Amino acid sequence: MTRMLLTGNAAAAWAARLAVADYIPAFPITPQTEIIESLANWIDNGEMDARLVTLESEHSMITAAGAAAATGIRVYSATSSQGLLYAMEMLYTVAGWRAPFVLTNVSRGLSSPITLESDHNDIVAARDCGFLQIHCSSCQEVLDNTLMAFRLAEDARIRLPVIVNLDGFYLSFTREPVELPDADKCRQFVGQYDAQNMLFRASRPTSQAVAVLGGSPYSYFRYETHLAAQNGLSVYEDVATDFEQHFGRHYDVLEAYKTEDAEIVFVIMGSYSSKAKDAVNSLRDAGQKAGLLRPRLLRPFPAKHFQQALKDVKAVAVIDQNISTGMGGVLHTELSAALYGQTQAPQLIASYMGGLGGRDISSEEFFEMAKEVSNAVKKNQPLAPRLLYTETELRELRKLQAVAHVERQQLHNSRQQTKKGGAIK
Amino acid sequence: MTEAAVGFYRRMKDLPSTHLLGTGTAMCAGCGGLEALHEIYDIIGDKSIFVNAAGCMTLLSVYPFTPFRGSWLYTAMASAPAGAQGVRDALDILKAKKQITDDEDMQVVVLTGDGSAYGMGLSATSGAMERDLDFLYICYDNEGYGNTGQQYSGATPHAAKTSTSKGARGFAGFKKDLFSIWAAHQPAYVATVIGAEPLDLAKKIEKARSLKGPRMIIALSPCPTGWDYDPKETVNIGKLAVKTGVWPLKEYINGKVVHTKIPRQRQPLEDYLKCQGRYKHLFEPQRNEVMLNQLQQKIDQYWDNING
Ligand SMILES: Cc1ncc(C[n+]2csc(CCOP(=O)(O)OP(=O)(O)O)c2C)c(N)n1
Ligand code: SF4
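Keep in mind the model is a prediction, meaning the values are calculated, not measured. (Residues numbered from 1 in each chain as written. Chains lettered and ligands numbered in written order. Predicted model: local features only at pLDDT ≥ 70, side-chain atom pairs only at ≥ 80, totals over all residues. Heavy atoms only, no water.)

1. Overview of unusual backbone geometry
Part 1 of the reasoning: The omega torsion of the bond from Thr30(A) to Pro31(A) falls at 0 degrees, within 30 degrees of zero and hence cis.
Part 2 of the reasoning: With respect to the helices and strands, the residue Pro31(A) is situated in the loop between strand E2 (23-26) and helix H2 (33-44).
Part 3 of the reasoning: The omega angle of the peptide bond from Tyr63(B) to Pro64(B) is 0 degrees, so this bond is cis rather than trans.
Part 4 of the reasoning: Tracing the backbone through its elements, the reader meets Pro64(B) in the loop between strand E1 (48-52) and strand E2 (71-74).
Part 5 of the reasoning: A positive phi angle is found at Asp228(B), which is not glycine, with a value near 65 degrees.
Part 6 of the reasoning: Looking at the element boundaries, Asp228(B) is found in the loop between helix H8 (224-227) and helix H9 (234-243).
Part 7 of the reasoning: Unlike most non-glycine residues, Asn254(B) shows phi in positive territory, near 50 degrees.
Part 8 of the reasoning: By the element assignment, Asn254(B) lies in the loop between strand E7 (249-253) and strand E8 (256-261). (Helix = DSSP H or I, 4+ residues; strand = E, 2+ residues; numbered from the N terminus.)

As structure tokens, this is what we get:
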């Protein structure tokens, strides 16, 4: 075992290498590109025995990934944001094939407006496609969970592709100390790729992904996929136990931080949970019993884990780094659905949307949320969903708009003058 | 390429007399695409995997039955060539790692309609050729989006009526020259075929089979449903397409285009148009002499260039 400083992207690439992936269909997109560049370099230098092919789009990339997995080899791929959406048709398709492979998504906000920075609208848009989803909050977790994802995808109880999500910039480009597990041990942990009944061979003619007529076979296959996805929770726990035995690090489906006696619990996904943990510590220092829950798995959704963890908790503040336009935060909706009707459910499940397009969430804002939620609980009042956005920010933005407007006006005026024959002074 | 293999189909009687592809599929009676596929499959054989894009032929394999003796993978409308890439690469990797023997290998065959080939799938096809993918592409060209009810596509010929060009002039655009677009990529092989000329087709498929790299086939596929004619006329219309010069039978290999069947005495184009409902408006209620002349001229020009 070696300790290295690795970015989240490098950690993902290392995991694909340590899992001995055979095939990597690729396509560049910021902030993911470093992953495929690392893999390409290793392959070129003979450090990794795999084949990387750059397709002409992510739609094709996922098609090739699914087709190769369906032919019986271990496949890894990576994308981000626009790429994930460009591939959307194929995400559903290859999950329906039950093609097991691992895809890293480096989260980045979606166009429009176009941005490079991180939020979760890309990955939540893929929540219904049939891929399982693991969300990471550190570079170590990216490496470990990518290794685990291969086990999860290939498990006979699941046989579905898995997305491992890491946040653009915050993880993709941030160097953290990462323990690089021993290559032989990884090989042993992940195991030989077992195609099971999914392969194409001349001696075993097979038809895969054929059409169905009517709702009955369609429902049959769709529901089978759903059931398989639901197995993801217990299989993840099995895999995590085995992982701990191999490497000593343990991962829960739902990470709980100081929740035992908590009166208010923040719920948040991905790397921003580090900010939230920090805030929990400060809040506790200030005498408020705060805690944090972070789902590692978003699909399957750990409903029971949440129900258990939030028993006797008075108030929850869900912070969504996404907006389902016209509805609000996706995690908030899902958590509310999971808690509805539970006898010991929290009195209040507040919804905050923040961290959009890489915007920071400050410590003060965590304090503000805690205060607002506590007051609402005391007064037994509901709380409307809120966007984390300060007055100063709004003022600054308006100022910029005003400056741009004035400049445009000046330009327009000087053009008019030139037309009239007036010289520009 | 082995000359023996290429030279096998010399006469009609050399062609297989029984078909490999099963019957009882959901294709329309008289489907020219299915006719071509039967002939092609006999030559490719069952050591093959068909990677299919959305279109009429998707309904060949309906759970839990298939007419194919070999393998099948349905992908989506845009990305069948990428599916072929994944399968081909996986088979190569398995061979290189000695996890399968050579006799487990298969011909990887893409099967799509023209809508996919001329349009939505063109980028994926271009990518596959650019990567020199070892595969066979079969486009059955029924000159429209057949499966969705024959709307015009990039392959629809000028003046043809489709369900999105029902006006008096028919389709305003012109059929895209996919053969040249494909050939510009300099793949191993490009050919046009038609089911109604089975010997020419067999020779070309046999040649394609013996080559490596991208081998690209466009089969004009008379479509009784979309072209509006009696299903029993499929072979006749196919023959007319060649005799009138509408569908030049040709191949591209080693940088050169060769016409494999030059109609010396070309029949008037009208003979081909007249028997299809999609061109009825050129003859009724009165003859559209201007349009008919224009269409004939285009064909004449093409062949003037070929014949020098
Ligand atoms: C992304 C996408 N858009 C639209 C469709 C609907 N669709 C299914 S088949 C088809 C027509 C395909 O036309 P073509 O490739 O010419 O094949 P044909 O139907 O003529 O056999 C269309 C548009 C689809 N399946 N996928
Ligand atoms: S619509 Fe045309 S191409 Fe499609 S199955 Fe029917 S005859 Fe064949």
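That was the structure; now back to the text.
2. Focus on the interface of chain A and chain B
Part 1 of the reasoning: On the side of chain B, 40 residues touch chain A, which itself brings 36 residues to the contact.
Part 2 of the reasoning: Surface buried jointly by chain A and chain B totals about 2900 Å² across both partners, of which 64% is contributed by carbon and sulfur atoms.
Part 3 of the reasoning: Ranking the residues of chain A by area buried against chain B places Glu56(A), Phe200(A) and Ala202(A) at the top, with a combined share of 17%.
Part 4 of the reasoning: For the salt bridge of Asp89(B) with Arg51(A), the shortest nitrogen-to-oxygen distance reads 2.6 Å.
Part 5 of the reasoning: Inspection of the region where chain A meets chain B yields 14 residue pairs in polar contact (both at pLDDT 80 or more).
Part 6 of the reasoning: Only strand E3 (51-54), helix H3 (58-71), helix H5 (88-97) and strand E9 (207-208) of chain A provide two or more residues apiece to the side of chain A that touches chain B.
Part 7 of the reasoning: Class assignment for the residues of the side of chain A that touches chain B results in 18 nonpolar, 11 polar and seven charged.
Part 8 of the reasoning: As paired elements, E9(A) and E2(B) share two bridges and run parallel to each other. Of the residues in E2(B), the one forming a bridge with Ser207(A) is Trp72(B). (Contact = heavy atoms within 4.5 Å. Buried area = accessible area lost by both parts, 1.4 Å probe. Salt bridge = Lys/Arg side-chain N within 4 Å of Asp/Glu carboxyl O. Polar contact = N/O pair within 3.5 Å; in protein donor to acceptor, adjacent residues only side chain to side chain. Nonpolar A, V, L, I, M, F, W, Y, C, P; charged D, E, K, R; others polar. Pairing = 2+ DSSP bridges.)

3. Some remarks on the site of ligand 2
Part 1 of the reasoning: Every residue close to ligand 2 is listed here: Met27(B), Cys28(B), Cys31(B), Cys56(B), Asn142(B), Cys223(B), Pro224(B) and Thr225(B).
Part 2 of the reasoning: Here the shell around ligand 2 is composed, by residue class, of six nonpolar, two polar and no charged. (Near = heavy atom within 4 Å.)

4. Concerning the packing of aromatic side chains
Part 1 of the reasoning: Evaluated as defined, the whole model comprises 22 aromatic pairs over all chains.
Part 2 of the reasoning: Between Phe189(A) and Phe243(A), the ring centres sit 5.3 Å apart and the planes meet at 80 degrees, which makes this aromatic pair edge-to-face. One end of the pair, Phe189(A), is in helix H8 (residues 183-190); the other, Phe243(A), is in helix H10 (residues 232-247), with 54 residues separating them in the sequence.
Part 3 of the reasoning: The class of Phe189(A) is buried, set by a relative accessible area of 2%.
Part 4 of the reasoning: Judged by relative accessible area, Phe243(A) falls into the buried class, the value being 0%.
Part 5 of the reasoning: Arranged with centres 4.8 Å apart and planes meeting at 40 degrees, the rings of Phe50(B) and Phe68(B) form a pair that is tilted. You can see Phe50(B) sitting in strand E1 and its partner Phe68(B) sitting in the loop between E1 and E2, a full 18 residues away along the chain. The burial state of Phe50(B) is the same as that of Phe68(B); both residues are buried. (Phe/Tyr/Trp six-rings, centres within 6.5 Å; stacked < 30°, edge-to-face > 60°. Buried < 20%, exposed > 50% of the residue type's maximum accessible area, 1.4 Å probe, protein only.)

5. Re the site of ligand 1
Part 1 of the reasoning: The environment of ligand 1 is formed by 17 residues, the closest being Cys56(B), Gly115(B), Tyr140(B), Gly146(B) and Asn147(B).
Part 2 of the reasoning: With respect to ligand 1, its neighbouring residues span chains A and B.
Part 3 of the reasoning: Gly146(B) places a main-chain nitrogen or oxygen 2.8 Å from an oxygen atom of ligand 1.
Part 4 of the reasoning: Within the backbone of Asn147(B), an N or O atom sits 2.7 Å from an oxygen atom of ligand 1.
Part 5 of the reasoning: A total of 580 Å² of accessible area belongs to ligand 1 in isolation, and the protein chains cover 77% of it.
Part 6 of the reasoning: By residue number, the principal contributor to the shell around ligand 1 is helix H4 (residues 114-120) of chain B, which donates four residues.
Part 7 of the reasoning: Here the shell around ligand 1 is built from residues that sort into six nonpolar, nine polar and two charged. (Areas by Shrake-Rupley, 256 points an atom, 1.4 Å probe, with all protein chains shown as cover.)

6. So, the confidence of the model for chain B
Part 1 of the reasoning: Counting all residues, the mean pLDDT for chain B is 96, and 98% of those residues have values of 70 or more.
Part 2 of the reasoning: Listed scores for the predicted complex are pTM 0.97 and ipTM 0.96. (pLDDT = per-residue confidence, 0-100.)

7. Some details on the side chain of Arg159(A)
Residue and element names in this part refer to chain A.
Part 1 of the reasoning: Relative to the elements of secondary structure, Arg159 occurs in the loop between helix H7 (139-154) and strand E7 (162-167).
Part 2 of the reasoning: Buried Arg159, no salt bridge; nearest opposite-charge side chain is Glu154, N-O distance 6.0 Å.
Part 3 of the reasoning: A distance of 3.0 Å separates a polar side-chain atom of Arg159 from the backbone oxygen of Glu154.
Part 4 of the reasoning: A polar side-chain atom of Arg159 sits 3.3 Å from the main-chain carbonyl oxygen of Asp194.
Part 5 of the reasoning: Filtering out sequence-adjacent residues up to four positions away, Arg159 remains in contact with Arg98, Ala99, Pro100, Ala153, Glu154, Tyr193, Asp194, Ala195, Gln196 and Met198. (Lys, Arg positive; Asp, Glu negative; His and termini not counted.)

8. Digging into the sheet that holds strand E6 (residues 132-135) of chain A
What links the strands of a sheet is backbone hydrogen bonding, and the strands pair in either a parallel or an antiparallel sense.
All names here are of chain A.
Part 1 of the reasoning: Taken together, five strands build an open sheet; the order of strands is E4-E5-E7-E6-E13 and the sheet is mixed. One side of each edge strand has no neighbouring strand; the edge strands of this open sheet are strand E4 (76-79) and strand E13 (297-299). Adjacent strand axes in the sheet meet at a mean angle of 25 degrees, parallel and antiparallel pairs treated alike.
Part 2 of the reasoning: As defined by bridge partners, E6 adjoins E7 across four bridges and the pair is classed as parallel. Its bridge partner lying in E7, Gln133 is registered against Ile163. (Axes fitted to C-alpha atoms, helices over the stretch in contact; angles between N-to-C directions.)

9. Things to note about the pairing of E8(B)
Successive side chains on a regular strand alternate, one facing one side of the sheet and the next facing the other.
All names here are of chain B.
Part 1 of the reasoning: Two strands pair when backbone bridges link them, and E7 and E8 are joined in this way by five bridges, in the antiparallel orientation. Along E8, the bridge assignment pairs Glu251 with Val258.
Part 2 of the reasoning: Where E7 folds back onto E8 in an antiparallel hairpin, the turn is made up of two residues, including Asn254, whose phi is positive at roughly 50 degrees.

10. Structural notes on the pattern of salt bridges
All names here are of chain A.
Part 1 of the reasoning: Enumeration over the complete set of coordinates arrives at 43 salt bridges over all chains.
Part 2 of the reasoning: Notably, a salt bridge pairs Arg296 with Glu141, separated by 2.6 Å at the nearest N-O pair. Separated by 155 residues along the polypeptide, Arg296 in the loop between strand E12 (290-295) and E13 and Glu141 in helix H7 bring together distant segments of the chain.
Part 3 of the reasoning: Its salt-bridge partner being Lys277, residue Glu255 comes within 2.8 Å of it at the nearest N-O pair. Of the two residues, Glu255 sits in strand E10 (residues 254-257) while Lys277 sits in helix H11 (residues 272-285), which places them 22 residues apart along the sequence.
Part 4 of the reasoning: Assessed through its relative accessible area of 16%, Glu255 is described here as buried.
Part 5 of the reasoning: Within this structure, Glu141, Glu255, Lys277, Arg294 and Arg296 form a network of salt bridges that share partners.

11. Things to note about the nonpolar core
Part 1 of the reasoning: If you look at the biggest cluster of nonpolar residues, it comprises 148 residues, and the most contacted ones within it are Tyr76(A), Phe101(A), Leu143(A), Leu147(A) and Trp182(B).
Part 2 of the reasoning: Counting residues per element, this core draws most heavily on H7(A), which supplies nine residues.
Part 3 of the reasoning: Setting aside residues no more than four positions away along its own chain, Tyr76(A) makes contact with Ala12(A), Ala16(A), Ala21(A), Tyr23(A), Ile24(A), Pro25(A), Ile35(A), Leu39(A), Val102(A), Thr104(A), Thr146(A) and Phe150(A). (Core = buried A, V, L, I, M, F, W, Y, C linked by side-chain atoms within 4.5 Å.)

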